[in-house]
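Structural overview
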Amino acid sequence: MPRIVSLLPAATEIAAALGLMDDVVGVSHECDFPEQANARPRVTRCPVHDAGLTSREVDAWVRRALREDGTIYTIDEHLLRELRPDVILTQKLCDVCAVGYGTVARLAETLPGPPEVVNLEPSSLSDIFDDICRVAKACGVIKRAESLVAALLVRVEAVRERAARIPNRPRCFLMEWVDPAFCSGHWGPELVEIAGGYDPLGRKHQPSAEIKWKAVLDARPEIIVLALCGCDIDLARRDYELLTRFPGFDSLPAAQNGRIYVVDASAYFARPGPRIVDSLEILAGIIHPEQFPGFASEKLRIRK
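Here we summarise the structure given alongside this text. (Residues numbered from 1 in each chain as written. Predicted model: local features only at pLDDT ≥ 70, side-chain atom pairs only at ≥ 80, totals over all residues. Heavy atoms only, no water.)

Observations regarding the environment of Gly185
- Within the element layout of this structure, Gly185 appears in strand β9 (residues 185–186).
- We classify Gly185 as buried; its relative accessible area is 6%.
- When the C-alpha atoms of Gly185 and Arg162 are compared, they prove to be 24 Å apart, with 23 residues separating the residues in sequence. (Helix = DSSP H or I, 4+ residues; strand = E, 2+ residues; numbered from the N terminus. Buried < 20%, exposed > 50% of the residue type's maximum accessible area, 1.4 Å probe, protein only.)

Regarding the sheet that holds strand β8 (residues 182–183)
- Taken in spatial order, the four strands of this open sheet run β8-β7-β11-β12, and their pairing is mixed. The strands lining the two open edges of the sheet, one partner per strand, are β8 and β12 (260–262).
- Of the pairings in the sheet, the one linking strand β7 (residues 172–177) to strand β11 (residues 223–226) comprises four bridges and is parallel in character. Paired with Phe173 across the bridge in β11 is Ile224.
- Along the sheet face, helix α9 (residues 233–243) touches β7, β11 and β12 and points at about 145° away from the line of β12.
- Across the sheet, helix α11 (residues 276–287) is in contact with β7, β11 and β12; its angle to β11 comes to roughly 145°. (Pairing = 2+ DSSP bridges. Contact = heavy atoms within 4.5 Å. Axes fitted to C-alpha atoms, helices over the stretch in contact; angles between N-to-C directions.)

This is how it looks when you write it as structure tokens:
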């Protein structure tokens, strides 16, 4: 089996789901699932990762780093050479999410072999499933991918079919960042749609984008889900307190009806791997808890 270095968490999870974790010899600084990933050498780092900055400070730091340096990550080139990968899993999707593809490709050309660089660049649910097959093909386990994707699709269709029978489709704003406000993009609005809602601000199959707070007020979402990129539930709760201070927040139907939720976007919504289907099920439980009681969790709802 090939020696694999994964430079993004979703790719590590894909490799693990394909039964390849024993072949993963290096991971990124953010790879934390499954547990075996934490025992692998980390070949990337990011100065802002544990800096304790506020939402707006993180946004400003990222914008400045991308403008001045073109990246917010560094690769341990010496370690990467020592690991002698046959396959490197990386992405072109977002320079904020992981090391840029160009940087990885140029470095890979200087390594022995050189290793195969597999680009994962999903913008939809089907793209995520295609990426699973892409990783499997590079590692010679395509049959495993076919079984895995089939099982994931069964779960997706179970949610889709049940949600399709529900006439009410509430306005559900999947919020990707608080300060400044960002709507969700790529697969996010698609998940809301399959789960029986409608994201009036989402950019389906397109990159997420900064939006004006007035656009949120005008959209009058009935549900707000804080799926903040790279943030766990505790950080999402912290930024909820910031959100409550925005002008007109109390006028939103979601605020008035107590339908604001926090989710672990770092583990689920922002990580396009097998657990993206868990994200769909979480959303179904949020949007239609009566119809999806098995997925509903009051722990995610913000209580004043």
